[in-house]
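# Reading the structure
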Amino acid sequence: MAESSEPPERDRERPEQAERSQQTEQRERAERPQQRERAERPQQRERGERRERARPNDVWARPRGGRRPKLTREAIVDKAIEIADAEGLEAVSIRRVASELGVRAMSLYTHIEAKEDLLDLMYDVVAVEVLVEDGLPDDWREAMIEITRKERAAGLRHPWMFELAGRSPRIGPNGLRHAEQSMAAAARLTDDPEEMLAIVTTVDHYMLGFVLREQRLREMGTTALGEARQSVLEQAYITKLLESGEFPHLRSVLDTGLYNQEDFDLGLKWLLDGIEHDHRGKWPSTSSPT
């Protein structure tokens, strides 16, 4: 039998295997740089982040880390006061306060059971502003004047304060301290509980009426008030009545351009003068009775 001129099959496979092996090796060599690059990327990012963290000027642009501060009752009440000062008492609600604080309304009920509780707390926080620090003056007038001035200033800062007082909120610790200071001031003139209460109530009524009027005038503005006055005087029947001579005292005041009594301290002085005059002779001086 004649021998075949073709090489055996296993001899033909060897060059093909060698070629495939060579191609695989070339492919692996080509992929090695990409694999190294992929492996190095996390390390490069970490090094870059460390460099960014090391730059002190960027700390102000980064958000604060750590957990969100815990919601507190103080924060809730302070936000409610802020809303009331800006928009009035009617704007205060559990939902509104929660929205301003960036929390759910239900989260507030962990600290406050109802809106009425919130209003009570608001009133008591504001009551701190009327407390006289470092003790009352020895003289009853000076003590009463200092307390009343603080009440007036607080009422103008928080116009809703007296509106809330009219709802008879439950009195808190600061409200009690204020009441005690007021009674202590009156006690420097008399030790009679009924008279002490009458003095405090009388002075409070003067302060309250004056501040409510001030609040109204502030809302109107000086220009609007002047225009309203001028509008009244320009009405024909008003002019005719004033010129009739029937209202000489009223006309003398209107002719001066006065339309508001702005001296709070003067009115308070007159009131205290009257109270002191009524008690003159009961104690040898206006200082604390002995």
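Residues numbered from 1 in each chain as written. Predicted model: local features only at pLDDT ≥ 70, side-chain atom pairs only at ≥ 80, totals over all residues. Heavy atoms only, no water.

### Brief notes about the confidence of the model for the protein
Operational definition: The pLDDT value expresses, per residue, how confident the predictor is, ranging between 0 and 100. Between two residues, a contact is recorded if the distance between any of their heavy atoms is within 4.5 Å.
Confidence along the protein averages 79 in pLDDT terms, with 66% of residues attaining 70 or more. Here residues 64-68 is modelled with pLDDT under 50, and outside its nearest four sequence neighbours on either side it reaches 3 contacts, counting other chains as well.

### Digging into the pattern of salt bridges
Note the cut-off: Throughout this description, the term salt bridge denotes a Lys or Arg side-chain nitrogen within 4 Å of a carboxyl oxygen of Asp or Glu. Secondary structure counts use DSSP, requiring at least four H or I residues in a row for a helix and at least two E residues in a row for a strand, with both numbered from the N terminus. Remark: exposure states derive from per-residue accessible area (1.4 Å probe, protein chains only) relative to the maximum for the residue type, with buried under 20%, exposed over 50%, and partly exposed in between.
Applying the stated criterion across every chain yields a total of 9 salt bridges. A salt bridge links Glu 100 to Arg 96; its shortest N-O distance comes to 3.0 Å. Residue Glu 100 and its partner Arg 96 are located together in helix α3 (residues 94-101), separated by 4 residues, close to a single helical turn. Judged by relative accessible area, Glu 100 falls into the partly exposed class, the value being 39%. Arg 96 sits in the partly exposed class, given a relative accessible area of 24%. Glu 214 is the partner of Arg 152 in a salt bridge, and the nearest nitrogen-oxygen pair spans 2.6 Å.

### Some remarks on the environment of Phe 162
Note on placement: Phe 162 falls in helix α7 (residues 160-165). The exposure class assigned to Phe 162 is buried, which follows from its relative accessible area of 15%. Sequence separation of Phe 162 and Leu 208 is 46 residues, and the distance between their C-alpha atoms is 7.8 Å. For Phe 162, the residues in contact, after removing those within four places along its chain, are Glu 151, Gly 155, Met 207, Leu 208, Val 211, Leu 212 and Gln 215.

### A short note on the packing of aromatic side chains
Inclusion rule: Note on aromatic contacts: the rings of Phe and Tyr and the six-membered ring of Trp form a pair at centre separations within 6.5 Å, being stacked when their planes are under 30 degrees apart, edge-to-face when over 60 apart, and tilted otherwise.
Applying the stated criterion across every chain yields a total of 3 aromatic pairs. Aromatic side chains Tyr 206 and Phe 210 sit 6.0 Å apart centroid to centroid with 45° between the ring planes, which places their arrangement in the tilted category. Taken as a pair, Tyr 206 and Phe 210 lie in helix α9 (residues 193-220) at a separation of 4 residues, close to a single helical turn. For Phe 210, a relative accessible area of 11% corresponds to the buried category.

### Section: the side chain of His 279
Which entries qualify depends on this criterion: Polar contact criterion, stated in full: a pair of N or O atoms within 3.5 Å, where within protein one must be able to donate a hydrogen and the other to accept it, and residues adjacent in sequence count only if both atoms are side-chain atoms.
Tracing the sequence through the fold places His 279 in helix α13 (residues 264-279). For His 279, the side chain forms a polar contact with the side chain of Glu 195, separated by 3.1 Å. Filtering out sequence-adjacent residues up to four positions away, His 279 remains in contact with Leu 189, Thr 190, Glu 195 and Ile 199.

### Concerning unusual backbone geometry
Despite not being glycine, Asp 134 shows a phi value in the positive range, around 65°. Positionally, Asp 134 belongs in the loop between α5 (115-127) and α6 (140-157).

### Here's the deal with α13
Inclusion rule: Between the first and last residue of a helix there are one fewer steps than residues, each counted as 1.5 Å, and that sum is the expected span.
End to end, α13 covers 23 Å across 16 residues, agreeing with the expected 22 Å (1.5 Å per residue, within 8%). When we look at burial in α13, the residues that qualify are Phe 264, Gly 267, Leu 268, Leu 272, Ile 275, Glu 276 and His 279. In the core, the buried residues of α13 are packed alongside α6 and α9. Here α13 starts with a cap whose side-chain oxygen sits 3.3 Å from the backbone nitrogen of Asp 265, and that cap is Asp 263.

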